[in-house]
Amino acid sequence: MAHLVFQTAFPGDLFLSVPLMKRIKEWDFSTPVVLACRPGLGDFFVRFGLADVVISVDKKKGAEEALKQLRAQEWDTIFSPHESVRTALWMRSLKAKRKVGFRKWWNGLVYDTRVERPLDFPDALRQLSLLTPLDSRLAELFGSEEAQALRSPTTRSGPVDFRVPMIPEWASMQVMQHSPERGVVFLAPGSVWATKRWTQSGYVDLACALLSSGVDVELVGSKAEKPLCDEIQQQVHAHVVAGMVKTLSAGFLGKLTNKAGETSLTELVLLLNKGVALVSNDSGAMHAAAAAGLPTVAVFGPTTLDLGYRPWQNRAIVIQHELGCRPCGKHGHDRCPIGTHACMKNITPSEVLGTLQQLI
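Computed from a predicted model, the values in this text were never measured in an experiment.

**Student:** What am I meant to see in the overall build of the protein chain here?
**Tutor:** Along the backbone of the protein chain there are 14 helices and 13 strands. In terms of overall dimensions, the protein chain is globule-like: its C-alpha atoms have a radius of gyration of 21 Å, near the 21 Å expected for 360 residues. Projected onto its principal axes, the C-alpha coordinates of the protein chain cover approximately 65 × 40 × 35 Å. By the burial criterion, 54% of the 360 residues in the protein chain qualify as buried. Accessible surface, the protein chain as shown: approximately 15400 Å² in total, 53% of it carbon and sulfur. Of the charged side chains in the protein chain, 40 are positive and 35 negative; the average position of the first set lies 4 Å away from that of the second.

Below you can see the structure in the form of structure tokens.
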């Protein structure tokens, strides 16, 4: 017998499953945990002891091979943070002593244990709440003042400093102690959704400012984000050649490196763990930094913090500007719905640099 966590969402949502999976291991340390997730994402969970086995679910190919594996055994408990109808239909076809999911008006025949999704909490705690019907101590912790202080902020203006209140260890998604070995600032300019990306010129100017002060900069991202990182690298080099990047001390200039497309999820976390800080959008890289314990400045545009997807760590500041059009969706869009993209264009490199200096 084994427990199954079925979470086939994007990498950022999968990272936010870490507190749940850590707690499952503590709650029932003697039972193996299997994670079903998108291809290429599960190695991280095995590497850090959060899952014993990973089953890849390739939705683009219909997921039949994965479902065949999942149906081949009876599970002890199935936890399903994913809320789609398709996922529910898949869960109904599996055999388990218990199936735990979030309550929907239509899924009573799928899950025998249904949890009200606590929408005013960050998503890491929402997912963790799936274990509260089975873990009485965790249920007590959820009712504590410590947990209540972690409700999602409703403000949509100014920077939001998440260094206080602290996330308690029982809810943490950090998997390793932050161990900076190099004075590197990482920049993660990509996102699956175009409107969630801070401006390319903003990242170029920020990189130039950091290099001018002698700070090494590394660009990180997925294979799909490599073309964007390549363009930023080329523009920064053009600024250096044109003499627009000037050193502030004895001719010392920081080094720019482009690591986009070169790292797996596990390798990205290990890489980030050795740096000084990250500047990113509301993206998977932001959540990878939280797992690595890396201080983070996150630039939020179309999404807002009350949606529940804040950087889930104790050393993070979110930059955002209040606009009547925010949020324009849960995930962002390929194009700004009103054609301005002001939520990102209004955030300046000097504002981001100042926040970064404040954080580190």
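Having seen the model, we can carry on.
**Student:** What is the right way to read helix α14 (residues 349-359) from this model?
**Tutor:** Along an α-helix, a turn takes 3.6 residues, which lines up residues three or four apart on a common side. Of all the residues in α14, the buried ones are Val 352, Leu 353, Thr 355, Leu 356 and Leu 359. For α14, the arc enclosing every buried residue in end-on projection is 165°, short of the 170-degree limit, so these residues lie on one face. For α14, the exposed residues lying more than 90 degrees away from the buried face are Ser 350 and Gln 357. Close packing links the buried residues of α14 with β8 (184-188), α9 (200-212), β11 (277-281), β12 (296-299) and β13 (316-319).

**Student:** Any chance you could explain the pattern of salt bridges here in plain terms?
**Tutor:** Side-chain pairing between opposite charges can occur once the charged atoms of the two side chains come close. Across all of its chains, the model carries 18 salt bridges by this definition. Put simply, Lys 104 and Glu 83 hold a salt bridge, and the shortest N to O gap is 3.3 Å. Note that Lys 104 is positioned in the loop between β5 (95-102) and β6 (113-115) and Glu 83 in the loop between β4 (74-80) and α5 (85-92), a separation of 21 residues in sequence. Assessed through its relative accessible area of 24%, Glu 83 is described here as partly exposed. In this structure, Lys 226 and Asp 230 form a salt bridge, with 3.2 Å as the shortest nitrogen-oxygen distance. In this pair, Lys 226 and Asp 230 are both assigned in helix α10 (residues 226-241), four residues apart and thus about one turn of the helix distant. A cluster of three or more residues bridged by salt bridges with shared partners is formed by Glu 83, Lys 104, Arg 117, Asp 123 and Arg 126.

Basis of the calculations
- Residues numbered from 1 in each chain as written.
- Predicted model: local features only at pLDDT ≥ 70, side-chain atom pairs only at ≥ 80, totals over all residues.
- Heavy atoms only, no water.
- Helix = DSSP H or I, 4+ residues; strand = E, 2+ residues; numbered from the N terminus.
- Rg over C-alpha atoms; globule rule 2.2 N^0.38 Å.
- Buried < 20%, exposed > 50% of the residue type's maximum accessible area, 1.4 Å probe, protein only.
- Areas by Shrake-Rupley, 256 points an atom, 1.4 Å probe, with all protein chains shown as cover.
- Lys, Arg positive; Asp, Glu negative; His and termini not counted.
- Charge placed at Lys NZ, Arg CZ, Asp CG, Glu CD.
- Arc of directions from axis to C-beta.
- Contact = heavy atoms within 4.5 Å.
- Salt bridge = Lys/Arg side-chain N within 4 Å of Asp/Glu carboxyl O.

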